[in-house]
Amino acid sequence: MYKIFRLALREYLAAVRTKGFIIGLVMLPVFMSGSMIAMMLLKDHVDIRERRIVVIDETNQFSEMLLEQAHIRNTQHIFDPEDSSQVQPVYAIEFVEPDRDLTVQLGALSDRVRAGDLHAFLHIGSSIIHPAENPDNAFANYHAESAALDDIRDWLRDPINNHLRRLRLEQAGIDEAQIPDLFAWSWVNAKGLLTVDEDGNIIDAASSNEIRSIAIPLAMMMLMFMMSMMGAMPQLSAVMEEKTQRIVEVILGSITPFQFMLGKILGGLAVALTSTLVYLGGGTLFMQWRGFESYIPYDIFPWFVVNLVILLFMLGALMTSLGSVANDAKDAQSLSFPAMFPMMIPMFVMVPVLKEPLSTFATWLSLIPPFTPMVMTLRLASPVTIPAWQPWVGLIGVLLFTLIVVWAGSRIFRAAILMQGVPLKFSNIMRWMTKG
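In what follows, the accompanying structure is described. Not measured: the values here are computed from a predicted model.

Looking at the overall build of the protein chain
The helix and strand inventory of the protein chain stands at 18 helices and six strands. Rg of the C-alpha trace for the protein chain: 31 Å, well past the compact-globule value of 22 Å for 436 residues, more than 25% over. For the protein chain, restricting intrachain contacts to residue pairs at least 6 apart in sequence, the fraction spanning at least 24 positions comes to 70%. Split by element, the accessible area of the protein chain, about 25000 Å² in all, is 62% carbon and sulfur. The protein chain carries 32 positive and 41 negative side-chain charges, and their two centres are separated by 20 Å.

So this is what it looks like as structure tokens:
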């Protein structure tokens, strides 16, 4: 054991003493969450150039309302309240009469949008007020080069629908003043479940929000993925390089192949746990500082650490054994993709699993050993109460599977680590695993 820990310490110090480790520690979260960080940094940097929108209104009922709403927005809602500087673009609305050949007219407007003369155009169908008369013409189509992501389309939704209600009331002979609550929206609030304290008092449910329901589980999932990339993935190329440079022949003069493999795994595990301590500790302190302590999942931390250790041990055994098979960087690259399946599959399915943690799909996937650490952690971090037996059954299953992976990997490692120039074939790997 002394030799194993000595080698693990050597691997650990060789990794954490480098500038690359410090840089990676800082930059890895940036790379993994770069889009969110960019959105936060650029949220106040908005293109405030005027947006010209042409409206073709076949009903002739929306011009006054849209001009009024645009005027209110352009005079009251596009300036910073602190320094009165403009922070949002002006919406300039222009109305044109529909031509007899609407297709040609819409095509010409599309050309103007492509040329940059217009930002977009809105086409309101003739039956939008009374859709039952002609459902095919009951539409409000917003045309732009990126219409689905355009803020103007969202801005148009409420004014158009509120105006439709007013028009329908007016045509039905109903005074809007008689129904003052008609335009009052009632939002469906997201709440958790009520609880009962030790004295039998019922405690009201807290509000459910995206931070607890989505951000925390995804953050733990991404952290586990990052630690796998940092602690296990480098083992494949590291073992391959030591094999091709014949460094391993010197090392195996004093320790056995299994001790060498175990030392590499423990070294990578120590590196990943060091980074985990930094991220978990820093994240916890930040949330406490910002007043989000109630969102910190202290009860999930033990499961997270246990699952992370098992995942890193399993992946470490897999990567070191595959590294012993590779003869060059090309072989290592071809082996790295299938070796990442235990990490990539959970990343692909994390949204449906997080949406329905108790579904049959999520339950069975979390009990399949290669995927248990990441999927089970994701389910446990969700607001849904997972049956108590499932994490323990998953833990037992993945422990047994990891022991099998270590056993099989050690046989492959022992047979292949000193071989040079042996073709990379699946049959060779299976023969080494079964026969040694």
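There's more to say after this.
A word on the sheet that holds strand E4 (residues 140-143)
Spatial strand order, E2-E1-E3-E4: four strands in an open sheet with mixed pairing. Each of the sheet's edge strands pairs with one partner strand only, and the pair in question is strand E2 (91-96) and E4. Within the sheet, the average angular offset between the axes of one strand and its neighbour, ignoring direction, is 20°. Here six bridges tie strand E1 (residues 51-57) to E2, and the two strands are oriented parallel to one another. Its bridge partner being in E2, Val-55 is matched across the sheet by Phe-95.

Some details on a nonpolar patch on the surface
Taken together, the side chains of Ile-22, Ile-23, Val-26 and Met-27 make up a nonpolar region of the molecular surface, amounting to roughly 350 Å² of accessible area. Following the sequence through the fold, Ile-22 ends up in helix H2 (residues 19-32). Taking the relative accessible area as the measure of exposure, Ile-22 reaches 46% and is therefore partly exposed.

Looking at the environment of Gly-409
With respect to the helices and strands, Gly-409 occurs in helix H17 (residues 389-416). Between the C-alpha atom of Gly-409 and that of Phe-258, which follows or precedes it by 151 residues, the distance is 9.3 Å. Dropping the residues within four chain positions of it, Gly-409 is found in contact with Met-261 and Ser-321.

Let's talk about the packing of helix H16 (residues 372-381) against H17
Contact geometry of H16 with H17 gives a least axis separation of 10 Å together with a crossing angle of 165°. With respect to each other, H16 and H17 are oriented roughly antiparallel. Here the hand of the crossing between H16 and H17 comes out left-handed. Listed contacts from H17 to Thr-372, Pro-373, Met-376, Arg-379 and Leu-380 of H16 are Gln-390, Pro-391, Gly-394 and Val-398. Its residues assigned to classes, the contact of H16 with H17 comprises five nonpolar, three polar and one charged.

About the cut-offs
- Residues numbered from 1 in each chain as written.
- Predicted model: local features only at pLDDT ≥ 70, side-chain atom pairs only at ≥ 80, totals over all residues.
- Heavy atoms only, no water.
- Helix = DSSP H or I, 4+ residues; strand = E, 2+ residues; numbered from the N terminus.
- Rg over C-alpha atoms; globule rule 2.2 N^0.38 Å.
- Contact = heavy atoms within 4.5 Å.
- Areas by Shrake-Rupley, 256 points an atom, 1.4 Å probe, with all protein chains shown as cover.
- Lys, Arg positive; Asp, Glu negative; His and termini not counted.
- Charge placed at Lys NZ, Arg CZ, Asp CG, Glu CD.
- Pairing = 2+ DSSP bridges.
- Axes fitted to C-alpha atoms, helices over the stretch in contact; angles between N-to-C directions.
- Patch = residues over 30% accessible without salt bridge, like charges linked within 9 Å, V, L, I, M, F, W, Y side chains within 5 Å.
- Salt bridge = Lys/Arg side-chain N within 4 Å of Asp/Glu carboxyl O.
- Buried < 20%, exposed > 50% of the residue type's maximum accessible area, 1.4 Å probe, protein only.
- Parallel < 35°, antiparallel > 145°, perpendicular 65-115°, else oblique.
- Left-handed = near helix turned anticlockwise from the far one by under 90°.
- Nonpolar A, V, L, I, M, F, W, Y, C, P; charged D, E, K, R; others polar.

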